[in-house]
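Residue-level structural notes
If you want the building blocks of each chain, they are given just below.
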Amino acid sequence: MKGFQSIIFGYVLTSSFLMGPCALLAISAQSGDTLPDNFIGFDSVPDKVADGSVVRVRYQCFRPCHLAVEVVVSTLRKTDLVVFRRKWISSAPRVYRIQQVLLRLPPSISHHPKFFSSNMLDTQNVTVRAWLDYIKKGSEISTYHSSMLKIYKVLQVMPVSQRMSEPPTGCPSWSAQLIRQMTTDRIHQCPHETDVIDMLKFPMASTGEHFGVVRRFQPFISGALERARVHAVTQPRFQNSIYFDDTDGYFVIGGGKYMPGIYGYFGPINYYRFGTEEVKNQLHPESILRGLEGAHKECREIRTFTKAFLQEVTKTHLLSTTNQAVCTPDFLRLWDQFGKKEKTCTQAWTWETHLKHNTFFHFLLRKQDEIRAGSLGIKHLRTSLFDLAVGTMFPVVEGQRKITNKSIALLEVSSCFGNHRASLFLATTHLSGLGHSVSQEQGHVYSLIGALADERFALMHAAYKHTQGTDGFPKDLNMAYGYYSNAGAQTNIDTSRGHGNKQYTPEYIYLSNEEDLYSLMHETSDVFQYLKFQAERGDIESQKRLGTMLYWGQNGISKDLVSAVKWFERSAMQMKDPSATYDYSILLMKGQGVKRNYTRGFQLLKKAAAMGSINALNGLGWFHGIVLNDHKNAVKYFEQAALNGSDDGMFNLGIYHLNGKNPEKPWRNESAAFQQFLSASRLGHVAASVEAAWYLSTGGLEGVSQDVERAVIMLKKVCEQNGHLGFIIREALQAYLQGSWREAFVKYVLAAETGLGLAQSNAAHLCEELNLSNDCQWRYLNYSILNSDPHPFSLLKMGDYYFNYFSSSTQEDSLSMAEQAISMYSRAALAGNPQGMFSLAVLAKQGHIFPPSVLGLFEASRRDEPDSVVEKILKRCVQAEDEEAITPCSLALLGLQTGKALRRMTQNRAQLFLAYASLLSILVIVITVPLHSCLEHRYSAFSQRRRTSSVSHQGVDSNRERGGIVGRAYRAAENSWLTMNGEQWLRQTSDLAVTLSGVCLCAFWTALLYHLL
């Protein structure tokens, strides 16, 4: 029996040994069918945020690969903030493995702080993600967005009150303990929350396009309100009602990216989160809505009146003010009835209409010949009305300049005919008080009319007002984004047509800066002619500069595409400069100013890329993708350009991520596209900024929190690059240089109302030059300093205003005014302006205490003495000024340091004695130098007389000389000689005194220089 069992056991063992490899092969083959070559997934992952939790990742790689597990946090201010990362390498191909990762999270997101902490993160979203990518050659680093495979899971964020207490890591500071004791017994109150949300507090103008207001809602903080909201979502009140969770996704009022809106005015709108049986939505502000209705009604009346007038002019002879075309007034018709001469009026407009639009009627009478000839249509009519209104502005009345009623009437008619820059200027006159009185309601009406018409400047104006919350517009960044997104999209389209004559790159020429004005040139100026001479000699830099100026119309030069192409070609054909070769190749491919030639352009592109042009790499990618339809090489070139800092390369790479045309990664990847758009937007790329701003405004992309403020700032910078805005700034500058200051003022004001700081500073300058009201000047100066990068001129002007007000104000107001002045001067100093630094030094000398943020600019602190603070400010000022020139800062610094040196000298008795001796030396020198000069003159005269006397009395006996008249003369001369000996002694004494005084002064100045240096 035992032998039989042994045989069976041996048989089984042998069978197992022989069948084992077959079973393993079968399992391997089966696993190969179920798992792909590259695979990654979560085996286990926690549901909540907890420090020390474990994540198990299972994976398999076809070849050696990188793997990583990351924890990413999104807050209200930041997105994709990585707080944990663990990487490893898998070198075994096609081996199924499981990796265990221990999560170590920062206490700011996983624990409840025991003491007060300033490092707490306002966590909105926590995501665990893992990714897999092949090991790449070179220095290219794998990331989550560029990886081949990726997975993620969103973790539940626990409220702060429900988290575990943070383990103590050391003794808390005294301040933390104090704050803890102060807040321990405090009764916490929930913030005010309501279920009625004001979706729109102010009317919005919708153009019917893909632009609108985006709103997102968060769950209630109060547990009771949140339970009521969830109950309203899950338990509909009526059978056919549609309910949804309003915290999922976002709301769009107007148009969105995927659906156009409805043309017209929206708002105000209220949203009831719990639902309601009765909707109460009062039309507030009612005056604005009535004003809109009245303005549109009046425009219809004006268009009807104009149509009838044009028909009469084309049918009949010249009209007059008493022509039969105008119906007689009622009192004249009644008079005719008494006289039994009743008539029936058949004309299209009444006498009341004629009187109401009298200014416009007389304008049409003067233009009858042009109307009859067909040279004055509606399009030309609105332009002529606007130009006439600008030309009749600001007559001098009682020392002040106001816009006349005639100009306002012409602007209103021009607005009705579609010139919505007239609408914008009407809004400005009503909001600013240039038109006799401030009327915010009328200003709002014309602002909305201009925005409804899709006019670029009016859209930027409405967006800017809602961004700042000025002139009666409520501060609403979501509404600002709605307008800016429209203007930004138009700017993106305008950029592709930027070579047109109606578009110019905005040039920042400040009228208050003489250096800016001197930098301008024209075709006959010496600078331009010299540049042209150098270009003719073959200087590449001059040729490039000349071509750029003529292509874009820079530095006051008019655009000349043909001449620009000539200079671009001459610089490119030298094959020495990669940027010149690239510029000309692009012109060849686009066919701008030269016949399109893809072959030659492609050859030049390759040469420019070989010479090191990064833009040429992007151009090669564009050529392969658009012309050759070779997306694989296109992506390769775009990646090379992006890695080298090309914003166009980043944007084009983002487009490939978005449309999924990358052959190696043929899927749509919005996260990777957003990162590329965001990177390109930081470099000022217009189209990338528009795309990135949309993702930030909605917050709908996984891992991207809603950040409307950042989106608005991004789009504002885009809109300020608009070519039409640059064109009107150029026209304003040309008008100013030609002496047409009224025209320049109007155009600068139109640009200033869009929020452009340059135009606001120049408008304020012209307000002062044209002697307009002070409100006009301070209005635009205030606007300019609200920008993110205001010009120092505006900051200095506002600082001077606050400083002068502080000098003449009462004690109660003086402190706040001084603080405002310090703030303005410090912002100017931060921009590197020497005058701002000098003004700060003056205030510090007067004893004003600066905040630490201002002192930190000059590496000073409150522990420093006032003179030390002043000295540090003046030293920084001297560094910012021209070192070769004598400037106010250098003189003030010299005086301050000299005074400090003198004070240090007086602290030592010997040096104090030397100082007094130096003063005495100066007095001695003042007295002895004239005396020495007088004695020298007398000695010269005496020597001349002695020589004369000796020559005239040669050979005379000495006894006879002594006894006679000659003897008396001799004795007199001898007495004079004795006197001259005394004078000689005085001369020698004075020389000694001057010498000693000089030595004393030299010692004094040596000591003074020692203390100075």
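Since the model is a prediction, treat every value here as computed from it, not as a measurement.

Time to look at the overall build of the protein chain. Of regular secondary structure, the protein chain possesses 40 helices and 17 strands. With 1013 residues in all, the protein chain has 43% of them scored as buried. Contacts in the protein chain between residues far apart in sequence, at least 24 positions, make up 63% of those at least 6 positions apart. Accessible surface computed for the protein chain: about 55500 Å², of which carbon and sulfur atoms make up 55%.

The next thing to look at is the side chain of Glu70. Relative to the assigned elements, Glu70 resides in strand β3 (residues 65-75). By relative accessible area, which is 3% here, Glu70 ends up buried. Setting aside residues up to four positions removed in sequence, Glu70 forms contacts with Phe84, Arg85, Thr127, Val128, Arg129, Trp131 and Tyr144.

It is worth spelling out a nonpolar patch on the surface at this point. A surface patch of nonpolar side chains, amounting to about 600 Å² of accessible area, comprises Leu919, Leu920, Ile922, Leu923, Val926 and Ile927. Relative to the assigned elements, Val926 resides in helix α38 (residues 909-952). Take Val926: its relative accessible area is 55%, and that puts it in the exposed class.

A sheet is described by the order of its strands in space; here 3 strands give the open sequence β1-β2-β5, paired in antiparallel fashion. Edge strands, defined here as strands with exactly one partner in the open sheet, are β1 (39-44) and β5 (97-102). Taken pair by pair, the neighbouring strands of this sheet meet at an average axis angle of 30 degrees, ignoring direction. Bridge count between strand β2 (residues 54-60) and β5: 6 bridges; the pairing is antiparallel. Bridging across to β5, Arg56 finds its partner in Gln100.

Turning our eyes to something else, we now look at the sheet that holds strand β8 (residues 149-155). Reading across from one edge, β4-β3-β7-β8 is the order of the 4 strands in this open sheet, with antiparallel pairing throughout. The two strands at the open ends of the sheet, each matched to only one other strand, are β4 (81-90) and β8. Recorded for the sheet is a direction-independent mean angle of 15 degrees between the axes of neighbouring strands. For β3 and β4, the ladder comprises 9 bridges, and the chain directions are antiparallel. Across the sheet, residue His66 finds its bridge partner in β4, namely Ile89.

What follows deals with the state of the cysteines. Tallying each qualifying case throughout the model produces 4 disulfides. One disulfide bridge connects Cys767 with Cys776, the sulfur atoms lying 1.8 Å from each other. Residue Cys767 shares its accessibility class with Cys776, and that shared class is buried.

Looking along a regular strand, one sees the side chains alternate between the two faces of the sheet. Most of strand β7 (residues 123-134) is tucked away, with 10 of its 12 residues classed as buried. Here β3 runs beside β7; their pairing, made up of 11 bridges, is antiparallel. Bridged to Val73 within β7 is Val126. Across 7 bridges, β7 lies against β8 in antiparallel orientation. Paired with Val128 across the bridge in β8 is Lys153.

A word on the packing of aromatic side chains. What the rule picks out here adds up to 26 aromatic pairs. Ring geometry for Phe674 versus Tyr695: centroids 5.7 Å apart, planes at 65 degrees, classification edge-to-face. One end of the pair, Phe674, is in helix α25 (residues 670-682); the other, Tyr695, is in helix α26 (residues 686-698), and 21 residues separate them in sequence. Accessibility assignment for this pair places Phe674 and Tyr695 in one class, buried. A centroid spacing of 6.1 Å and a plane angle of 80 degrees characterise the contact between Tyr780 and Tyr783, whose relative ring orientation is edge-to-face. A residue pair is termed a helical-turn pair when its members lie 3 or 4 positions apart in one helix, as Tyr780 and Tyr783 do in helix α31 (residues 774-785) at 3 residues. Comparing Tyr780 with Tyr783, the two get one shared label, buried. In this structure an aromatic cluster arises from ring pairing among Phe305, Phe309, Phe360, Phe361, Phe363 and Phe417. If you follow Lys150 out to its NZ or CZ, it ends over the ring of Tyr144, 5.1 Å from the centre.

In the predicted model, the protein chain carries a mean pLDDT of 79, and 75% of its residues have values of at least 70. Looking across the protein chain, the model is least confident in helix α1 (residues 2-34), with a mean pLDDT of 39, and most confident in helix α14 (residues 456-468), with 95. Across residues 1-33, where pLDDT falls below 50, the model places 1 contact with residues more than four positions away in sequence or in other chains.

Rules of the game
Throughout this document, residue positions are counted from 1 along each chain, in the order its sequence is written. Confidence filtering applies because this is a predicted model: local features only for residues at pLDDT of at least 70, side-chain atom pairs given and counted only at 80 or more, and all residues used for totals across whole chains, interfaces and linings. With hydrogens and water stripped out, all remaining heavy atoms of the structure feed into the side-chain values. Secondary structure is summarised from DSSP: a helix means a run of H or I of at least four residues, a strand means a run of E of at least two, and numbering begins at the N terminus for each. Relative accessibility under 20% of the residue-type maximum defines a buried residue, over 50% an exposed one, and the middle range a partly exposed one, all with a 1.4 Å probe and only protein chains included. Contacts are assigned to residue pairs that have any heavy atoms within 4.5 Å of one another. Here, Shrake-Rupley sampling with a 1.4 Å probe gives the accessible areas, and only protein chains in the shown set may cover a residue. The patches reported here contain residues having more than 30% relative accessible area and no salt bridge. Joining distances are 9 Å for like charges and 5 Å for nonpolar side chains (Val, Leu, Ile, Met, Phe, Trp, Tyr). Criterion for a salt bridge: a side-chain nitrogen of Lys or Arg within 4 Å of a carboxyl oxygen of Asp or Glu. Should DSSP find at least two bridges between two strands, the strands are taken to pair. Axis definition: a line fitted to C-alpha atoms, limited for helices to the stretch in contact. Angles are taken between N-to-C directions and run from 0 to 180 degrees. Cysteine sulfurs are considered disulfide-paired once they come within 2.5 Å of each other. Geometry of aromatic contacts follows a simple scheme: Phe, Tyr and Trp rings, the Trp one being its six-membered ring, pair when their centres are within 6.5 Å, and the pair is stacked under 30 degrees between planes, edge-to-face over 60, tilted otherwise. For a lysine, the NZ atom is tested; for an arginine, the CZ atom; a charge sits over a ring if that atom is within 6 Å of the ring centre and within 35 degrees of the ring normal. Values of pLDDT, the confidence the predictor places in each residue, fall between 0 and 100.

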